[in-house]
Amino acid sequence: MSDIGIFSTSDIVLMIAIACAPGLVLGGILGAWRSPGHRLRGAALYGAAGFGLAFAFWWLYLTVIK
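Visitor: Give a description of the packing of aromatic side chains that names residues and reports values.
Guide: Given two aromatic rings, their pairing is described by the distance between the two centres and the angle made by the two planes. Here the structure, examined in full by the defined rule, presents three aromatic pairs. Aromatic pair Phe57 and Trp58: ring centres 5.5 Å apart, planes at 70 degrees, arrangement edge-to-face. Relative to Tyr61, the ring of Trp58 lies with its centre 6.0 Å away and its plane at 80 degrees, an arrangement referred to as edge-to-face. Here Trp58 and its partner Tyr61 are both found in helix α2 (residues 39-65), three residues apart, which amounts to about one turn of the helix. A relative accessible area of 33% places Trp58 in the partly exposed class.

Right, here's the structure in full:
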């Protein structure tokens, strides 16, 4: 029996969001701390960067390293 196709698109998106959530949270905290005049903007930008870095790490780990 084949395992291809057991996850739908929404399942995969949810797994990505859960795996990258720590990068989003830590990036948001760091961005709010580093931008005292513009905390919301800093948190959003650093949070997006943290999410992107976490996504890049997981992609590299799952496709290249493992």
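So, next bit.
Visitor: Which residues make up the layout of surface pockets, and what values do they have?
Guide: Approximately 170 Å³ is the volume attributed to the largest pocket. Taken together, Met15, Ile16, Ala19, Cys20, Phe55, Trp58, Trp59, Leu62 and Thr63 make up the lining of the largest pocket. Going through the elements one at a time, α1 (9-34) and α2 are the ones with two or more residues in the lining of the largest pocket. With five residues, the single largest contributor to the lining of the largest pocket is α2. Here the lining of the largest pocket is built from residues that sort into eight nonpolar, one polar and no charged.

Visitor: Mind laying out the packing of α1 against α2, listing which residues take part and the relevant values?
Guide: Between α1 and α2, whose axes approach to 6 Å, the crossing angle comes to 145 degrees. Here the hand of the crossing between α1 and α2 comes out right-handed.

Visitor: Any chance you could break down α2 for me, citing the residues and the numbers?
Guide: The end-to-end C-alpha distance of α2, which contains 27 residues, comes to 36 Å, matching closely the 39 Å that a straight helix rising 1.5 Å per residue would cover. Those residues of α2 not exposed but buried are Gly42, Gly47, Gly50 and Ala54. Turning to α2, the residues buried within the fold contact α1.

Basis of the calculations
- Residues numbered from 1 in each chain as written.
- Predicted model: local features only at pLDDT ≥ 70, side-chain atom pairs only at ≥ 80, totals over all residues.
- Heavy atoms only, no water.
- Phe/Tyr/Trp six-rings, centres within 6.5 Å; stacked < 30°, edge-to-face > 60°.
- Helix = DSSP H or I, 4+ residues; strand = E, 2+ residues; numbered from the N terminus.
- Buried < 20%, exposed > 50% of the residue type's maximum accessible area, 1.4 Å probe, protein only.
- 1 Å grid on protein atoms, 1.4 Å probe; cavity = no way out; pocket = protein on both sides within 12 Å on 5 of 7 lines; lining within 4 Å.
- Points joined across faces, edges and corners; volume = space filled by probe spheres on them.
- Nonpolar A, V, L, I, M, F, W, Y, C, P; charged D, E, K, R; others polar.
- Axes fitted to C-alpha atoms, helices over the stretch in contact; angles between N-to-C directions.
- Left-handed = near helix turned anticlockwise from the far one by under 90°.
- Expected span 1.5 Å × (residues − 1).
- Contact = heavy atoms within 4.5 Å.

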